[in-house]
Structure formats: structure tokens, C-alpha cells
Amino acid sequence: MKITDHIKNANGKTLFSFEIVPPPKGVGIADLYENIDPLMEFKPPFIDVTTSREEYVFIEKGNGLLERKTTRMRPGTLGICAAIQHKYNVDTVPHVLCGGFTKEETEYLLVDCMYLGINNIMALRGDAMKGEKYFEPAKGGNHYASDLVSQIQDLGSGKYLSGEIVCEEHNSFCIGVAGYPEKHIEAPSMNYDLQMLKKKVEAGADYIVTQMFFDNQKYFEFVSAARAMGIDVPIIPGIKPIATKKHLQLLPQVFKIDIPEMLISEVLKCKDNRDVREVGVEWAIQQCKELLDFGVPVLHFYSMGKSNNILKIGREVL
Ligand code: FAD
């Protein structure tokens, strides 16, 4: 079922969902299942599965020289989506990137989604490759998420890259895109970033999932600015419980988000990461309670493959 239909059918009740990351190449799926199992008590209507782009690895040639190869360290997004749908009977949302894919490759992936009964897609641009300063699309690939949204929309109405294919029933996708309550790192201003978000919605995006934030006020202001601009699709908040002291530096650096002073000082008081996790859970519980009062359509958690803290939060707020 489409995410937007799940939201409609919930009749105003807030749903629960989460995002998982495929295991590194060579690692089985068992650990992932162990972390998904407990979260099924909250009846998630959908689970997102991330995609990571290709990266460089250096292979020793044995003569003191290194060979540079590009590879994907966490492949298998679509396989994991299919496995989860089969095991848990929930919808899955594969993340599909512009970066590293030609439009042809994207088309094949979307065709596979159709065969697998996957009709929700999270359409993202992706970041620059590690070691590169700016994002560069693959030759013949999509540049911005809005271009990818257009390609997915076209395919849903039978417009393939090789031309239109007329058939009785087309499998249109429900498309999610990313939104940034604290602005995307590359955007010159919040207003510019919102204009680009609007472009994604005009291209056919059906809903928005936000980057993580730790100050709900940022989300409320973002929703209000988006609505004022005419963006009227559901805006799902993304929630990440802080879990290690390192997150204080890492999360602002990677995601360009602020951490509230009060949360920083609570984390700094902790003697180890076990205490930090407690603080992170408590903060997220308070965030979720306020978001529930606001009437958010879904509480969407960045699990990073670990479910213990999310289980505690879910049991407190759902
Ligand atoms: P875009 O919407 O294309 O925006 C990128 C930048 O370009 C922005 O600054 C925007 O303002 C600007 N822009 C957009 N359109 C245009 C245009 N037409 N002309 C000029 N400028 C434009 N990354 C992964 O690698 N894998 C994942 O699985 C993944 N999942 C994510 C899930 C969520 C919910 C979020 C919020 C992010 C996720 N990311 C993921 C990170 C994402 O790929 C990066 O944040 C990336 O840098 C931007 O992606 P985007 O889709 O927002 O890009």
C-alpha cells in the first residue's frame, strides 16, 4: 500500500515507522531481523531501507602498489526490502539515489520494484563521493532529487527511457523526498532550500521525511514555512535518539544540525555511553510527546540497525 494511503487510513492517528541500514557486504541479515523483531510490536506500516553510494577502496597489488577500485560496501537494498516484506508482511521503502546511477540503471531498479510489489520509493540525490568536495551525477544520471522524482513519475505513467509503453495498468509509485528543517548543507538560504523542496513536490513527490532534529521548534517552523509556500503534502519528522558522546560532534558535522544547549549539557554530565543512551531516550520521548500533540502523521525513527532505544521510546509514547 502507498505511504499516503497508510496515512489517510490512520484517520489522524500518528503512525510509527523506522529506517534501517543494510549490513556491510558479507554480513548476513540475521542481526537486522533481531533488531526489527521487537519493533514489530508497534505495527509499523512501512520500513525504510537506506542505500549508500559507491566508494573507493584500495587493493594491495603485492608489489607495493595499490589499485583503486569503486565498490558498494552495503549493497542489497532491494533484496532486503523484498526479504522484509516477505517475512513481516509490511511495506518497505527503498531509498533510491541519483549519485552513482545512470538513468538506465535507475529504470531497471524501478522495474524490479514493480515485480516485487514495492510501490513506495524514497527519492534522494545522495552526497558527494567520499574524498570529493561536490556532488557529481553519474554520466547519464539524474542531478537533483527533483529529476529523479520526474523519472519515477514518468515511469509510473508508462514513459520509459526508450519511449512510451502503452499498457492497461501502470504501476505508479508513491514518492517520498527529503526535507531539512535546519536547511540542507549546500543550500545558500532556507528560503532557497524550500523553493527546491517545492520543486520536488511539483515534480510529483507525495510526502516529505525530514532530516533529524533535536529541537522541535525547528520542525514546527519548517512545516509552517513549507505550508506558507504551498507545499501541502505530509511532512514526516525524522527522529534520532542520541546514543554516544561522539554524536555531539559527529551529527552537526555530518548533517549540519544544531544540538540544543540543554541536551549538550546533559550528555556531557554522563560518565559513559550507557548513560548517554538514557539521556538520548529521555530527550526523544519528550520530543515525541510534543510531536504527537502537534498531530504529526508518522513518528519516523533513524534506527541505524539498533532497536533497544527505539523500543523504550515507543513503549513510552505509543
Ligand atoms: P536535493 O533535493 O537534490 O537537494 C540537494 C541540494 O541541491 C540542496 O541544497 C537543494 O537546495 C539544491 N537543489 C535541489 N534541487 C535543485 C535544483 N533543481 N537546482 C539547483 N539546486 C537544487 N543519503 C544516502 O546516501 N542514502 C540514503 O539512504 C539517504 N537517506 C536519507 C533519508 C532522509 C529522510 C534524508 C533527510 C536524507 C537522506 N540521505 C541519504 C542524505 C541525502 O542524500 C543528502 O542529504 C543529500 O546531500 C541531498 O539529498 P536530497 O535528496 O535532499 O537532494
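Up top is the structure these notes are about.
So, a few notes on the structure that sits alongside this text.

Reading the values: rules and limits
Residues numbered from 1 in each chain as written. Predicted model: local features only at pLDDT ≥ 70, side-chain atom pairs only at ≥ 80, totals over all residues. Heavy atoms only, no water. Salt bridge = Lys/Arg side-chain N within 4 Å of Asp/Glu carboxyl O. Buried < 20%, exposed > 50% of the residue type's maximum accessible area, 1.4 Å probe, protein only. Helix = DSSP H or I, 4+ residues; strand = E, 2+ residues; numbered from the N terminus. Arc of directions from axis to C-beta. Contact = heavy atoms within 4.5 Å.

### A look at the pattern of salt bridges
Close approach of charged atoms lets side chains of opposite charge pair.
And step 1. Under the counting rule described, the total for this entry stands at 14 salt bridges.
And step 2. Ionic pairing is found between Lys271 and Asp275, a salt bridge with its closest N-O pair at 3.5 Å.
And step 3. The exposure class of Lys271 is exposed, given its relative accessible area of 72%.
And step 4. Judged by relative accessible area, Asp275 falls into the partly exposed class, the value being 23%.
And step 5. Here Lys312 makes a salt bridge to Glu278, at a shortest N to O gap of 3.1 Å. Of the two residues, Lys312 is situated in helix α11 (residues 308-317) and Glu278 in helix α10 (residues 273-294); the sequence distance between them amounts to 34 residues.
And step 6. Relative accessible area serves as the criterion here: at 43%, Lys312 is assigned to the partly exposed category.
And step 7. Residue Glu278 is classed as partly exposed on the basis of its relative accessible area of 42%.
And step 8. What emerges from the salt-bridge pattern is a single network uniting Arg53, Glu54 and Arg72.

### A look at helix α8 (residues 247-255)
And step 1. Along α8, the residues classified as buried are His247, Leu248 and Leu251. Projected onto a plane normal to the axis of α8, the buried residues spread over an arc of 100 degrees and lie on a single side. Exposed and facing more than 90 degrees away from the buried side of α8 are Gln249 and Gln253.
And step 2. On its buried face, α8 sits against β10 (207-212) and α9 (261-268).
And step 3. Downstream of α8 by one or two residues, Lys256 has phi in the positive range, about 50 degrees.

Geometry only, nothing functional implied.
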